[in-house]
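Residues per chain, in single letters:
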Amino acid sequence: SQKIEQNSEALNIQEGKTATLTCNYTNYSPAYLQWYRQDPGRGPVFLLLIRENEKEKRKERLKVTFDTTLKQSLFHITASQPADSATYLCAPSYNTDKLIFGTGTRLQVFP
Amino acid sequence: DAGVIQSPRHEVTEMGQEVTLRCKPISGHNSLFWYRQTMMRGLELLIYFNNNVPIDDSGMPEDRFSAKMPNASFSTLKIQPSEPRDSAVYFCASRREGAKNIQYFGAGTRLSVL
């Protein structure tokens, strides 16, 4: 079965720096991959989607890359702010109705 | 739009009791998903419905769990009897047809079984 791996350790960075989060998957590549943000006590919120044939996708300060050779997606937040502190989940989709969520990486941006 | 609405937000019950979690999806969305989230296992899909019909319940842990969707605007997840290991946050999400599986989540129900 597919396995999704995200850094379980929290990522602590200083305000203004670029945060980079990693999502690795096993076996075959998903048709597309989504990134969600989850704040404490709340449900995940959709941020970005990238297709298998896309290398990069941007939205404001967010950037997602998708490398099918490395079986990896990277999620970047540039000019990070304390308000970006949250848990970020990656969720590949394999041409089915289902998303498989990683366990998430907690990001802490300190002033 | 009010988003996906779940109730209750918190539920504390004793082992052996029946628990019913409720979800109202976003109007116009035709798919509904139930997830369970724990620290150890992350966010796991339990069951999902398309047009009120259960499609895949392979994530339902055991027969103590059941889910229904009697109409397009309401779904329930029932645990009977509940056990301490069922303690988790349960999320409901909905999706509009043709929306590349982008899902909209409710705020969740935090269940504690004592």
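Since the model is a prediction, treat every value here as computed from it, not as a measurement.

Quick look at the overall build of chain B now. Assigned secondary structure in chain B consists of zero helices and eleven strands. Listing every helix and strand of chain B by position from the N terminus yields β-β-β-β-β-β-β-β-β-β-β. The C-alpha atoms of chain B give 13 Å as radius of gyration, which agrees with the globular expectation for 114 residues (13 Å, within 12%). Along the longest, intermediate and shortest principal axes, the C-alpha atoms of chain B span 40 × 25 × 25 Å.

When its secondary structure is counted, chain A shows zero helices and ten strands. Taken from the N to the C terminus, the helices and strands of chain A come in the order β-β-β-β-β-β-β-β-β-β. Taking 13 Å as the expected radius of gyration for a compact globule of 111 residues, we find that chain A reaches 13 Å, a close match to that expectation. Taking the principal axes of the C-alpha coordinates as reference, chain A spans close to 40 × 30 × 20 Å. Put simply, chain A has 111 residues, and 46% of those count as buried.

Counted by the stated rule, this structure contains two disulfides over all chains. Here Cys-23 of chain A pairs with Cys-90 of chain A through a disulfide, and the sulfurs are 2.0 Å apart. Every disulfide takes its handedness from the sign of the S-S torsion; for Cys-23 of chain A and Cys-90 of chain A that torsion is 60 degrees, giving right-handed. Placement of Cys-23 of chain A in strand 3 (residues 19-25) and of Cys-90 of chain A in strand 9 (residues 86-93) is noted, with a sequence separation of 67 residues between them. Cys-90 of chain A carries the same exposure label as Cys-23 of chain A, and that label is buried. One disulfide in the model links Cys-23 of chain B with Cys-92 of chain B; its S-S distance is 1.8 Å. Between Cys-23 of chain B and Cys-92 of chain B the disulfide shows an S-S torsion of about -65 degrees. By sign, it is left-handed.

This paragraph deals with the nonpolar core. Within soluble globular proteins, side chains that are nonpolar tend to cluster in buried spots. Membership of the largest hydrophobic core comes to 22 residues, with the highest contact counts inside it found for Leu-33, Trp-35, Phe-75, Ile-77, Tyr-88 and Leu-107 of chain A. Of all the elements in the fold, those that place two or more residues in this core are strand 3, strand 4 (32-38), strand 5 (45-51), strand 7 (62-67), strand 8 (72-77), strand 9 and strand 10 (105-110) of chain A. Leu-32, Trp-34, Ala-67 and Ile-79 of chain B belong to the second largest nonpolar core, which has 21 residues in total.

Interface size, as often reported, equals the accessible area lost upon joining of the parts. Between chain A and chain B, the contact holds 19 residues from the first and 21 residues from the second. For the pair chain A and chain B, the summed buried surface comes to about 1500 Å²; carbon and sulfur atoms form 53% of the total. It is Asp-97, Lys-98 and Phe-101 of chain A that lose the most area in chain A upon contact with chain B, and together they represent 35% of the buried surface on that side. Inspection of the chain A/chain B interface yields two salt bridges. Two residues, Asp-97 of chain A and Arg-95 of chain B, come together in a salt bridge whose shortest N-O distance is 3.2 Å. Elements represented by at least two residues in the side of chain A that touches chain B include exactly strand 4, strand 5 and strand 9 of chain A. Ranked by residues supplied to the side of chain A that touches chain B, first place goes to strand 4 of chain A with four residues. Split by residue class, the side of chain A that touches chain B holds eight nonpolar, seven polar and four charged.

With that settled, consider the pattern of salt bridges. Between side chains of opposite charge, a pair can form when the charged atoms approach closely. Residue and element names in this part refer to chain B. Tallied over the entire structure, the rule returns 15 salt bridges over all chains. In this structure, the salt-bridge partner of Lys-78 is Glu-18, at a minimum N-O distance of 3.8 Å. Residue Lys-78 is found in strand 8 (residues 74-79), and its partner Glu-18 is found in the loop between strand 2 (10-13) and strand 3 (19-24); the two are separated by 60 residues along the sequence. Assessed through its relative accessible area of 30%, Lys-78 is described here as partly exposed. Taking relative accessible area as the criterion, Glu-18 reaches 45% and is therefore assigned partly exposed. In this structure, Glu-44 engages Arg-36 in a salt bridge whose closest nitrogen and oxygen atoms are separated by 3.7 Å. Salt bridges here are not isolated pairs; linked through shared partners, they connect Glu-62, Arg-64, Glu-83, Arg-85 and Asp-86.

Cut-offs applied
Residues numbered from 1 in each chain as written. Chains lettered and ligands numbered in written order. Predicted model: local features only at pLDDT ≥ 70, side-chain atom pairs only at ≥ 80, totals over all residues. Heavy atoms only, no water. Helix = DSSP H or I, 4+ residues; strand = E, 2+ residues; numbered from the N terminus. Rg over C-alpha atoms; globule rule 2.2 N^0.38 Å. Buried < 20%, exposed > 50% of the residue type's maximum accessible area, 1.4 Å probe, protein only. Disulfide = S-S within 2.5 Å. Core = buried A, V, L, I, M, F, W, Y, C linked by side-chain atoms within 4.5 Å. Contact = heavy atoms within 4.5 Å. Buried area = accessible area lost by both parts, 1.4 Å probe. Salt bridge = Lys/Arg side-chain N within 4 Å of Asp/Glu carboxyl O. Nonpolar A, V, L, I, M, F, W, Y, C, P; charged D, E, K, R; others polar.

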